Amino acid sequence: MSKVNYSGTFYMVEQENMDSYLAALDINFALRKIVCLLRPSKEIAHDPATGTMKIRTLTTFKNFLMDFTIGEEFTEDLGPVDGRTCQTTVSWEGDKLICVQRGEKEGRGWTHWLEGDTLHLEMRVQGIVAKQVFKKAV
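Focus: the pattern of salt bridges
Argument step 1. The tally for this structure, following the rule as stated, stands at 10 salt bridges.
Argument step 2. Here R84 ties to D26 by a salt bridge, and the two come within 2.9 Å at their closest N and O atoms. Within this pair, whereas R84 is found in strand β6 (residues 84-93), its partner D26 is found in the loop between α1 (18-24) and α2 (29-37), the two being separated by 58 residues in sequence.
Argument step 3. Using a relative accessible area of 10% as the deciding quantity, one classes R84 as buried.
Argument step 4. Overall, the relative accessible area of 52% leaves D26 in the exposed class.
Argument step 5. Salt-bridge contacts for R102 lead to E73; the nearest nitrogen and oxygen are separated by 2.4 Å. Remark: E73 occurs in the loop between β4 (64-69) and β5 (74-78) and R102 occurs in strand β7 (residues 96-102); sequence separation between them is 29 residues.
Argument step 6. By relative accessible area, which is 48% here, R102 ends up partly exposed.
Argument step 7. What you see here is one network of salt bridges that share partners, running through D26, R84, E104 and K105.

Remarks on unusual backbone geometry
Argument step 1. A positive phi is found at D26, a non-glycine position, where the angle reads about 65°.
Argument step 2. Positive phi is not limited to glycine here, since Q126 has a value of about 50°.
Argument step 3. For Q126, the position within the fold is in the loop between β9 (118-125) and β10 (128-136).

Some remarks on the nonpolar core
For soluble globular proteins, nonpolar side chains are generally found buried alongside one another.
Argument step 1. Judged by nonpolar contacts, the single largest core of 30 residues is most densely connected at Y21, M53, M66, F68 and W110.
Argument step 2. Excluding residues within four positions of it along the chain, M66 makes contact with M53, K54, I55, F74, E76, T88, V90, C99 and W110.

Details of the sheet that holds β7
By definition, the strands of a sheet pair up through backbone hydrogen bonds, in either a parallel or an antiparallel sense.
Argument step 1. The antiparallel open sheet is built from 10 strands, whose spatial order is β4-β3-β2-β1-β10-β9-β8-β7-β6-β5. Because the sheet does not close on itself, it has two edges, and the strands there are β4 and β5. Neighbour-to-neighbour, the strand axes of the sheet open up by a mean angle of 25°, direction not taken into account.
Argument step 2. With seven bridges connecting them, β6 and β7 associate as antiparallel partners. Its bridge partner lying in β7, T88 is registered against Q101.

Calculation rules
- Residues numbered from 1 in each chain as written.
- Predicted model: local features only at pLDDT ≥ 70, side-chain atom pairs only at ≥ 80, totals over all residues.
- Heavy atoms only, no water.
- Salt bridge = Lys/Arg side-chain N within 4 Å of Asp/Glu carboxyl O.
- Helix = DSSP H or I, 4+ residues; strand = E, 2+ residues; numbered from the N terminus.
- Buried < 20%, exposed > 50% of the residue type's maximum accessible area, 1.4 Å probe, protein only.
- Core = buried A, V, L, I, M, F, W, Y, C linked by side-chain atoms within 4.5 Å.
- Contact = heavy atoms within 4.5 Å.
- Pairing = 2+ DSSP bridges.
- Axes fitted to C-alpha atoms, helices over the stretch in contact; angles between N-to-C directions.

Right under this line is the structure:
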């Protein structure tokens, strides 16, 4: 059975609990307020045949690139986010992408899934969950 292709450009339409999530990552108050005002877009290039994926998260403040192969652990530089590095693995759970980020912060990771042209992102750290919803560009 072939996996869902996540390729496309997506624009954020809603966000929930981001300030608490960023506080759990020890992001300072002023930066949290700025980040919560941003409306990021995501450019995803996914090759379901090889499992390679590039996720570019773009804002007017900072950009972040995640380049990986699904199922293979890699060292992720989270410098643009919170200055940390971690050992990261992204894998399939059904049609959902599950990311586990092992490092200083316990229970860190995220889940991506598609419902039609809507991309969902749930981010987790130390029991705190933030959610973002994106719509695919036409």
